[in-house]
Amino acid sequence: MGEPSAHPVLSVIIAHHKGRRFIDACLHSIRASVFSLPFEVIVVTSAEGPDRDFWEEGLDLHKLTGPPGPAGKRNLGVQYAKGNIIVFLDDDTEVSPYTLYEFYHGFQALPAAGMLFARIYNAERRQELDDCGSWLTWTGFLYARASRLHLPLEELMRPTRCLASKSAGCTIRREVFYHAGGFDPDYFILGEETDLAWRVWLRGYEVWYWPPAVLWHWFNTGAKPVTDYYTLGRIHTRGCHNYLRLLTTNLGLVSLLRTLPWHLLGWAVAALGFLARGQPQRAQAIGQGFVDYLRTLPATLTKRRRVQTMRRRSDKELFTHARLRVPWSYYLKRMTQYWFNPLHG
């Protein structure tokens, strides 16, 4: 897998969940890459037995023994990586033949960039955007540009500074990964890439949406049943908990005091909406997320002190590139989607 070399320039790390349904296609797409420089592929899994029966020659496979979230898997993969550029892929993605080359070229074109995110499409509805950059809003919730139904091609294809996007397809310089502290495994899943990208910004580097790198993601498709992949705990409990700790850890004090009340109001409205729709279990899951946030607040404040101490960029400077003003109609649309088709936290 990749051109054999003791010194690869690029390390691809795949966080594997279970089974072969998705990862076989992922590995096949990587094998088809048009990239002449040496690279390696590292798969980190928590699966056992037949669920991890996808090994092939040249593949570096490692077993995660701790909590089986993607954040921990990616951190473990970096420990074994030899390349100075780290590419993170989820096992349910397929890359274009040029994605690895474009990720590598992106860092040559953007010397100030520490982290790049790909242009991601839905793997079932191939022309439908899955993600193409996210920005912070004054409510503390993220604006996901892929939610726009009609995004001008010029805007879609323009490299742009952003706060983050999806870690299903992203790349980071190895030294930046360590400077920023890596993924926080306490997030387990949902928001862990935004937390890392935010800390990359605070360390003085830039984060970019890099559209030349393209991949397809099986998120929100018929191949991933809602009951198996989008549970109440993941969507509502972790969504609420991780969002709150994300803001508490990374915002400056003044920004946090301005943002947190509006953010809490947003979760309260979401919970009331579920109650009004006769779905108390979803409202309860959001409430559990808030309880979990309070329970882990001392640990979060400890992380906050560490992050704020190492920051090299003010919120004012960060918001110039990583925060957007969006119309009220966006919040109404997103809340309606959350009530009727909740796949994200």
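Residues numbered from 1 in each chain as written. Predicted model: local features only at pLDDT ≥ 70, side-chain atom pairs only at ≥ 80, totals over all residues. Heavy atoms only, no water.

Asks: Explanation requested: helix α9 (residues 253-276) in the structure shown.
Replies: Under the 1.5 Å per step criterion, the end-to-end length of α9 is 35 Å for 24 residues, consistent within 8% with the ideal 34 Å. The largest bend along α9 reaches roughly 30° and is located at Thr259, with the proline Pro261 sitting one to four residues downstream. Of all the positions in α9, only Ser255, Leu256, Thr259, Leu260, His263, Gly266, Trp267, Ala270, Ala271, Gly273 and Phe274 are classed as buried. Buried-residue contacts for α9 involve α8 (232-250), α10 (280-295), α11 (297-310), α12 (315-322) and α13 (328-340). Taken from the residues just after α9, Gly278 is the one with a positive phi, measuring 75°. (Helix = DSSP H or I, 4+ residues; strand = E, 2+ residues; numbered from the N terminus. Expected span 1.5 Å × (residues − 1). Bend = angle between axes of the 7 residues up to and from the residue. Buried < 20%, exposed > 50% of the residue type's maximum accessible area, 1.4 Å probe, protein only. Contact = heavy atoms within 4.5 Å.)

Asks: Explain the pattern of salt bridges here, please?
Replies: Side-chain pairs of opposite charge can arise whenever the charged atoms involved come near each other. Summed over all chains, the structure comprises 18 salt bridges. Among the ionic pairs, Glu155 bridges to Arg145, the shortest N-O distance being 3.5 Å. Pair noted here: Glu155 is in helix α4 (residues 153-156) and Arg145 is in the loop between β9 (142-144) and α4, with a separation of 10 residues, a long-range link. Here Glu155 matches Arg145 in class, with each residue buried. Across the pair Arg148 and Glu155 runs a salt bridge, and its minimum N-O distance is 3.0 Å. (Salt bridge = Lys/Arg side-chain N within 4 Å of Asp/Glu carboxyl O.)

Asks: Honestly, the side chain of His217 in this entry has me stumped. Any pointers?
Replies: Structurally, His217 is set in strand β12 (residues 206-217). Classification of His217 as buried rests on a relative accessible area of 5%. Among the polar contacts made by the side chain of His217, one reaches the side chain of Asp92 at a distance of 3.3 Å. When near neighbours in sequence (up to four residues on either side) are disregarded, His217 contacts Asp90, Asp92, Thr93, Ile120, Tyr121, Asn122, Ala123, Asp130, Lys166 and Ala168. (Polar contact = N/O pair within 3.5 Å; in protein donor to acceptor, adjacent residues only side chain to side chain.)

Asks: Before we go on, may I ask you to explain the nonpolar core in this structure?
Replies: Most often, soluble globular proteins have nonpolar side chains that are buried together. By size, the foremost hydrophobic cluster in this structure holds 78 residues, and its most contacted members are Phe88, Met115, Ile172 and Trp198. Aside from chain neighbours lying at most four places away, what touches Trp198 is Leu136, Leu163, Leu246, Leu247, Asn250, Leu251 and Leu318. Counting 29 residues, the second-largest nonpolar core is a separate cluster that includes Val12, Val43, Val95 and Leu110. (Core = buried A, V, L, I, M, F, W, Y, C linked by side-chain atoms within 4.5 Å.)

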